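Spelled out from the first residue to the last, the chains are:
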Amino acid sequence: MNAQFKKGVLELCVLSQLALKDQYGYELTEAISQQLTVATGTLYLILRRLKEDSYVDTYLIESSNGPARKYYKLTDKGKTYQTDLKAEWLDFIEKVAILI
Amino acid sequence: MNRQEYMEALEKALQPYDDQLRKDIMDDFEDHFVYGLKSGHTEEQIIDSLGSIEEMLKNIDDAVDSKPVEKQQSLVKSTMINKVIIDTKSAGVDVLINQSFDKDVHYEFNEASSYFNIKQSELKVKRYVEDDTLFITLDKDGSDPKLFSLFQDGTLSVAIPKEISLLNINGKHGDIDLIDVIVDNVKIATISGDISLDKVKCKKIQLHTTNGDIDINDSIGEITANTVNGDIDVDECDNRCLIVNSTNGDVKVDAQVEEMAIKVVNGDIDVCLDDKISKLYIETTSGDVDVSVAANVDFSGNIESLRGDVSVDVDFSYMVKRNRYVFTEGKTLVDIKSLNGDINIEQSISTHKKNKANEGIKKDIHEALNVLKDIGNLENLIDDEELKKFKDLMAQVKIDIKRKK
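Owing to the predicted nature of the structure, the values given are computational and were not obtained by experimental measurement. (Residues numbered from 1 in each chain as written. Chains lettered and ligands numbered in written order. Predicted model: local features only at pLDDT ≥ 70, side-chain atom pairs only at ≥ 80, totals over all residues. Heavy atoms only, no water.)

A. Quick look at the overall build of chain B. A tally of helices and strands in chain B yields 6 helices and 23 strands. Counting only residues that meet the buried cut, chain B has 42% of its 405 residues in that class. Accessible surface for chain B amounts to roughly 21,500 Å². Of this, 48% is attributable to carbon and sulfur atoms. (Helix = DSSP H or I, 4+ residues; strand = E, 2+ residues; numbered from the N terminus. Buried < 20%, exposed > 50% of the residue type's maximum accessible area, 1.4 Å probe, protein only. Areas by Shrake-Rupley, 256 points an atom, 1.4 Å probe, with all protein chains shown as cover.)

B. Structural context of the overall build of chain A. What chain A contains, in helices and strands, is 4 helices and 3 strands. Listing the helices and strands of chain A from first to last along the sequence gives α-β-α-α-β-β-α. Taking all contacts inside chain A whose residues are at least 6 apart in sequence as the whole, residues at least 24 apart take part in 49%. (Contact = heavy atoms within 4.5 Å.)

C. Here's a closer look at the pairing of strand 18 (residues 299–305) of chain B. Residues and elements named next belong to chain B. When you tally the buried positions in strand 18, you get 5 out of 7 residues, the bulk of the element. Pairing of strand 18 with strand 22 (residues 332–338) involves 7 bridges; the strand directions are parallel. Across the sheet, Ser-305 pairs through a bridge with Ser-338, a residue of strand 22. Pairing geometry for strand 18 and strand 21 (residues 324–327), over 4 bridges, is antiparallel. Considered in strand 21, the bridge of Glu-304 is made with Arg-324. (Pairing = 2+ DSSP bridges.)

D. Representation of the sheet that holds strand 3 (residues 69–74) of chain A within the structure. Residue and element names in this part refer to chain A. If you walk across this open sheet you meet the 3 strands as 1-3-2, and the pairing is antiparallel. Of all strands in the sheet, those with a lone pairing partner are strand 1 (23–24) and strand 2 (56–61), marking the two edges. With 2 bridges joining them, strand 1 and strand 3 adopt antiparallel strand pairing. Bridge pairing in strand 3 links Gln-23 to Tyr-72.

E. Representation of unusual backbone geometry in the model. Despite not being glycine, Ser-54 of chain A has its phi angle at roughly 50°, a positive value. Relative to the assigned elements, Ser-54 of chain A resides in the loop between helix 3 (40–52) and strand 2. The partly exposed category is assigned to Ser-54 of chain A, whose relative accessible area is 37%. Notably, Lys-199 of chain B is not glycine yet its phi reads approximately 55°, a positive angle. Turning to its location among the elements, Lys-199 of chain B is positioned in strand 10 (residues 195–209). Residue classification places Lys-199 of chain B among the partly exposed positions, given a relative accessible area of 43%.

F. Up close: the side chain of Thr-137 of chain B. The residue Thr-137 of chain B is located in strand 6 (residues 133–140) in this model. Filtering out sequence-adjacent residues up to four positions away, Thr-137 of chain B remains in contact with Asp-87, Lys-89, Lys-124, Val-125 and Lys-126 of chain B.

G. Fine view of the environment of Glu-108 of chain B. Tracing the backbone through its elements, the reader meets Glu-108 of chain B in strand 4 (residues 105–111). When the C-alpha positions of Glu-108 of chain B and Val-125 of chain B are compared, they lie 8.5 Å apart, and in sequence the two are 17 residues distant.

H. Here's a closer look at a nonpolar patch on the surface. Residue and element names in this part refer to chain A. Side chains of Ile-98, Leu-99 and Ile-100 sit close together on the surface and give an oily, nonpolar patch of about 440 Å² of accessible area. For Leu-99, the position within the fold is in helix 4 (residues 76–99). You can call Leu-99 exposed: its relative accessible area is 72%. (Patch = residues over 30% accessible without salt bridge, like charges linked within 9 Å, V, L, I, M, F, W, Y side chains within 5 Å. Salt bridge = Lys/Arg side-chain N within 4 Å of Asp/Glu carboxyl O.)

I. Region of interest: the nonpolar core. Within the largest apolar cluster, 70 residues are counted, with the highest numbers of intra-cluster contacts made by Ile-86, Ile-97, Leu-167, Leu-178, Met-260 and Ile-262 of chain B. Among the elements that take part in this core, strand 14 (residues 251–264) of chain B stands out by supplying 7 residues, more than any other. Residue contributions to this core reach at least three from each of two domains, namely domain 2 (67–193) and domain 3 (213–348) of chain B. Within the second largest apolar cluster, 36 residues are counted, among which are Leu-18 and Leu-43 of chain A together with Leu-10 and Ile-46 of chain B. (Core = buried A, V, L, I, M, F, W, Y, C linked by side-chain atoms within 4.5 Å. Domains from an automatic or database assignment.)

J. Looking closely at the packing of helix 1 (residues 3–13) of chain B against helix 2 (residues 19–38) of chain B. Residues and elements named next belong to chain B. The N-to-C vectors of helix 1 and helix 2 enclose an angle of 165°; their axes lie 11 Å apart at closest approach. Here helix 1 is positioned roughly antiparallel relative to helix 2, judged by the angle of their axes. Crossing of helix 1 over helix 2 shows right-handed handedness. Here Arg-3, Tyr-6, Met-7, Leu-10 and Glu-11 of helix 1 come into contact with helix 2, specifically with Arg-22, Ile-25, Met-26, Phe-29, Glu-30, Phe-33, Val-34 and Leu-37. The residue inventory of the contact of helix 1 with helix 2, partitioned by class, reads 9 nonpolar, no polar and 4 charged. (Axes fitted to C-alpha atoms, helices over the stretch in contact; angles between N-to-C directions. Parallel < 35°, antiparallel > 145°, perpendicular 65-115°, else oblique. Left-handed = near helix turned anticlockwise from the far one by under 90°. Nonpolar A, V, L, I, M, F, W, Y, C, P; charged D, E, K, R; others polar.)

K. How the structure looks around the environment of Gly-230 of chain B. All names here are of chain B. Tracing the backbone through its elements, the reader meets Gly-230 in the loop between strand 12 (220–227) and strand 13 (232–246). Overall, the relative accessible area of 0% leaves Gly-230 in the buried class. Contact partners of Gly-230, with chain neighbours within four places excluded, come to Thr-210, Asn-211, Gly-212, Asp-213, Ser-246, Gly-249 and Asp-250.

L. Spotlight on helix 3 of chain A. All names here are of chain A. Along its 13 residues, helix 3 runs 19 Å from first to last C-alpha, staying within 8% of the 18 Å computed at 1.5 Å per residue. Counting buried residues in helix 3 gives 11 out of 13 residues, a clear majority hidden from the surface. Among the residues of helix 3, those classed as buried are Thr-40, Gly-41, Thr-42, Leu-43, Tyr-44, Leu-45, Ile-46, Leu-47, Arg-48, Arg-49 and Leu-50. Ser-54 occupies a position one or two residues after helix 3 and carries a positive phi of about 50°. (Expected span 1.5 Å × (residues − 1).)

What follows is the structure in structure tokens.
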């Protein structure tokens, strides 16, 4: 699959997963890699970029067994962005479905 | 490679990037190992799922440079430029041309905030000057054929100085707009983009698009416009010569033109002309033709439809031979023909006639008003049935007056 295209789709998947609930990195990458073949390292880069653009934010929660967990959550801006991207995507696949 | 080796290689690879980025990613990966191992995966499996570091480095620019809109702005400072040639190659880039406020060429490329944030920044504007010609092209750094070239990539805006001799634009998917431009010659070719000209002053304009529409407004010049599937609309223009070709699109012209030729296969033609017209040629296969000319225009030539209906409503004389209307006494040379379409020719009413008609309507209204005034008096004189008849009649008169208006 076209690399650029895949990246765009992954970004939507990451945002949408976070729209369901706040998640820590490993949890999120597991959820996505269960469905899609993806280098999970890339997902961390996407998360980092989304944070840079203030679509997501992070907070730490102490964990009894292991390091403090870094949770990712959507900002308000991120929620709007996710809604827009999702609508765009649904519209896109609908049109592609007509064509293929 | 084990966990330690992987993390060392990662740290080394991230060396050129700033501390914050390096720390963020190192922490994330470190955590990933911790939770992965706890879930029962081996170090090897985790490394495998994270992917190779080389692979990750390819994507790292996205994490660093996160600006969604990129601007590339430039200026060509030269009074020597006499021709401007723009080529968007295969990119879906819109081109917008307008007048430079000085003698230089200014241009900037605004990349679209792209679909799904897919960065399309491999597009670069390149320019070079050869003799008196400035070339502006959009080049891709990679040769990777893009799935998304069907989406709009951005807008290339170019401001050109007044009265250069040639503006030549080759587009593919993007729209091309010219606003407020004065150039000797304009040549535009594109495949699926629309072409739009507004307030353009030229000697010669040549436009070609396969699937796009052509829209010309308030512009001057000899125009040749070709499209296969698009519509062509010429409005409020002053053209010595207008040549229009379309296979499936409709053509609409409302302009001052001296010589006009329109050839369409399946589209309809709607033409409104003033008394400047001296030569008029229209040919269609299946489309209908509607022509309206100014009051003081008269024809010499033929109007004919082989299988369609022809209707002619004009003040000057003609002869009818089967489906052919023949004009012999006029100044404007006409040749209008259709195979299957209907042809409808009409002459707009002259101001003199309009005034006369208006006077007539005024008189009618005046009379009607007088009669209406009398109805009150009549009620005492005639019986109900007659009064009803009279009222109905007046209602009809009212409707007729409305229609005349």
